Amino acid sequence: MDLALLPDLVAVLAGILGLLIGSFLNVVIYRVPKMMERQWAEECAELTGTPTTPTEKFNLLTPRSRCSSCGHQIQWYENIPVVSYLFLRGKCSACAAPYGVRYPLVELVTGGLFFFCAWRWGWTPTALVWCGFSAALLALAMIDWDTTFLPDDITLPLLWGGLIAATLQWNPAVDLSTALWGAVGGYLSLWGVYWAFKLATGKEGMGYGDFKLFAALGAWFGWPALIPIILMASVIGAVIGLVMKFSSGLREGGYVPFGPFLAGAGFTAMVFGPQSILQFVGL
């Protein structure tokens, strides 16, 4: 059976794969910041000569997922994307503590993104690389929203992935030169804004992770897309910021991370194209 001749089947299979990847992304979103904190603590202890106590091995695979309330180890049949959540009614089977609706939402969004990539690009390497782009960008958006961190372990592979995809022509819309200057322009533009704001106010308006994320988006979409993406990110940020302000949802100090808005603009550019963003904002 030639899957290239069955585009609908390919899209459905990609969507199912996306559900499974989304389940793993939930682990990434929760554990990567914890792993970073542990690494920082170990480095600080080493620099200060402070003795450390052995801790349980902790990475993306170990230990197995557990209920944060009672420590119940999640069985495989309790970890089927979306289905298990619905069957368990969003609660731990041992203590009935709620899991939160975000877990199935991440799975559904990832499945939808993978379905879209396969539906648009078919059984091709282009669909594969854009699926990878979608998974990495979604994980970064959620981690930044939760912690205000944009881990190098994800932003840098995303950046290199964009350059490699352009080099191999798996992203036909962007050649290597356009991708390279997109990465350079993305980084330097926000770096310049950061320093201008800091010199003017004495405060830091964003983190270096935002520079790297914008550079990664420049690598995937090319330098001509930088202005449309930053405009869309600003529009998304303004709308969400106003909603949070009037709903009293702003964090202490009124700070909202910029990474999720860059990610939202990146998804908009992937689905509709960078030029459609300019039309949306009236340019």
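Structure shown above.
Residues numbered from 1 in each chain as written. Predicted model: local features only at pLDDT ≥ 70, side-chain atom pairs only at ≥ 80, totals over all residues. Heavy atoms only, no water.

Participant: Just give me the short version of the overall build of the protein chain, but keep the residues and values in it.
Facilitator: Secondary structure assignment for the protein chain yields ten helices and zero strands. Mapped in sequence order, the helices and strands of the protein chain form the string α-α-α-α-α-α-α-α-α-α. A globule of 283 residues ought to have a C-alpha radius of gyration of about 19 Å, and the protein chain, at 20 Å, matches this closely. Overall, the protein chain is about 60 × 55 × 40 Å in size when its C-alpha atoms are taken along their principal axes. Evaluated residue by residue, the protein chain yields a buried proportion of 41% over its 283 residues. Total accessible area on the protein chain is roughly 15900 Å²; 67% of this is exposed by carbon and sulfur atoms. A distance of 8 Å separates the average location of the 15 positive side-chain charges in the protein chain from that of its 17 negative side-chain charges. (Helix = DSSP H or I, 4+ residues; strand = E, 2+ residues; numbered from the N terminus. Rg over C-alpha atoms; globule rule 2.2 N^0.38 Å. Buried < 20%, exposed > 50% of the residue type's maximum accessible area, 1.4 Å probe, protein only. Areas by Shrake-Rupley, 256 points an atom, 1.4 Å probe, with all protein chains shown as cover. Lys, Arg positive; Asp, Glu negative; His and termini not counted. Charge placed at Lys NZ, Arg CZ, Asp CG, Glu CD.)

Participant: Can you explain a nonpolar patch on the surface? Please cite residues and give values.
Facilitator: Together, Leu176, Leu180, Trp181, Val184, Leu188, Trp191, Trp195, Leu199, Tyr208 and Trp223 give the surface a local cluster of nonpolar side chains, amounting to about 1000 Å² of exposed area. Top element by residues in the nonpolar patch is helix 6 (residues 176-201). It accounts for eight residues. Here Trp223 lies in the loop between helix 7 (208-221) and helix 8 (226-246). (Patch = residues over 30% accessible without salt bridge, like charges linked within 9 Å, V, L, I, M, F, W, Y side chains within 5 Å. Salt bridge = Lys/Arg side-chain N within 4 Å of Asp/Glu carboxyl O.)

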